[in-house]
Amino acid sequence: VQLVESGGGLVQPGGSLRLSCAASGFTFSRYGMNWYRQAPGKERELVASISSAGGTTNIADSVKGRFTISRDSAKNTVYLQMNSLKPEDTAVYYCNVRYYRFQWYDYWGQGTQVTVSS
C-alpha cells in the first residue's frame, strides 16, 4: 500500500490550498479515507473523513466551513480543499486509510507540510 500526499506549501492567511493523496496497492473504492494533521508539539488530529463511495463526509469542528474532502475513484485519489487558511492550520497533513479485512490494516502517507504565514 502506498499513500502519496502532495500540494502542501507556504500560503498567506486567507489563502487556499488543495492537498492530494494518490493511493495504490489496495482497492481504493472499497474503503473510507482520512486526512489528519499534526502541528509541532501537538497530538495528531483527525481533520476530515470520507466514506468509500464519497457520500458521507465528516469534518472536524476546527475546520468546518473552510475545508472539504472529496475523492475520485477513477484516479484513486482523495483531496482536501482548504480555504480561508489560518496560521493555526499550520501542520503536517497526512493521508490515512484504516480498514478491516480478516485483520486491521492502518496505512499512512509521508505527510505534506502546510505553513500559513504572512
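Definitions and limits used
Along each chain, the written sequence defines residue order, and numbers are assigned to residues from 1. It should be noted that, the model being predicted, local features are given only for residues of pLDDT at least 70 and side-chain atom pairs only at 80 or more, the latter also being counted only at that level, while totals for whole chains, interfaces and linings use all residues. Heavy atoms from the whole structure form the basis of all side-chain values; hydrogens and water molecules are not counted. Note on conventions: DSSP H or I runs of at least 4 residues are helices, E runs of at least 2 residues are strands, and numbering of each starts at the N terminus. Think of it in three bands: residues with accessible area under 20% of the maximum for their type are buried, residues over 50% are exposed, and the middle band is partly exposed, with areas taken using a 1.4 Å probe on protein chains only. Whether two residues touch is decided by their heavy atoms; if any such pair falls within 4.5 Å, the residues are in contact. We treat two strands as partners when DSSP finds at least two bridges between them. The convention used is that axes are lines fitted to C-alpha atoms, helices contributing only their stretch in contact, and that angles between N-to-C directions extend from 0 to 180 degrees. Distance and chemistry together define a polar contact, namely a pair of N or O atoms within 3.5 Å, with one atom able to donate a hydrogen and the other to accept it when in protein, and with adjacent residues in sequence counting only for side-chain atoms on both sides. Each aromatic pair joins two rings of Phe, Tyr and Trp (for Trp, the six-membered one) with centres within 6.5 Å, and gets the label stacked for planes under 30 degrees apart, edge-to-face for over 60, and tilted for any other angle. Two limits define a charge over a ring: the Lys NZ or Arg CZ must be within 6 Å of the ring centre, and within 35 degrees of the ring normal. Pairs of cysteine sulfur atoms within 2.5 Å are what we label disulfides.

1. A look at the side chain of Ser20
Inspection of the secondary structure puts Ser20 in strand S3 (residues 17–24). Residue Ser20 is classed as buried on the basis of its relative accessible area of 17%. In this structure, Ser20 is in contact with Val4, Glu5, Ser6, Trp35, Thr77, Val78 and Tyr79, ignoring residues within four places of it in sequence.

2. Quick notes on the sheet that holds S3
The sheet built from four strands is open, its strands ordered S1-S3-S8-S7 with antiparallel pairing. Only two strands of the sheet have a single neighbouring strand rather than two, namely strand S1 (2–6) and strand S7 (67–72). Looking at each pair of strands side by side, their axes are set apart by 15° on average, direction ignored.

3. Concerning the side chain of Thr77
For Thr77, the location among the structural elements is in strand S8 (residues 77–82). Among the residues examined, Thr77 registers a relative accessible area of 9% and is labelled buried. Reaching out from Thr77, the side chain makes a polar contact with the backbone oxygen of Lys75 at a distance of 2.8 Å.

4. A short note on the pairing of strand S10 (residues 104–108)
In the case of a regular strand, side chains alternate between the two sheet surfaces. Bridge analysis of strand S9 (residues 91–100) against S10 gives five bridges, and the strand direction is antiparallel. In the sheet register, Asn96 faces S10, and the bridge partner there is Trp108.

5. Quick notes on the packing of aromatic side chains
The final tally for this structure, using the stated rule, is 10 aromatic pairs. A centroid spacing of 5.2 Å and a plane angle of 25° characterise the contact between Tyr99 and Tyr105, whose relative ring orientation is stacked. Tyr99 gets classed as buried once you look at its relative accessible area, which sits at 10%. Through a chain of ring-to-ring contacts, three or more aromatic side chains come together here, namely Phe26, Phe28, Tyr31, Tyr99, Tyr105 and Tyr107. Across the ring face of Tyr94, the terminal group of Arg44 is positioned such that the distance to the ring centre comes to 4.0 Å. Its guanidinium or amino end placed over the ring of Phe28, Arg71 lies 4.2 Å from that ring's centre, counting from NZ or CZ.

6. Points about the state of the cysteines
All told, the structure shown has one disulfide when counted by the stated rule. Paired by a disulfide, Cys21 and Cys95 hold their sulfur atoms 2.1 Å apart. Measuring handedness by torsion sign, the sulfur bridge of Cys21 and Cys95 sits at about -80° and is left-handed. Of this pair, Cys21 sits in strand S3 while Cys95 sits in strand S9; the two residues are 74 residues apart in sequence, bridging distant segments of the chain. The two residues Cys21 and Cys95 agree in class, both being buried.

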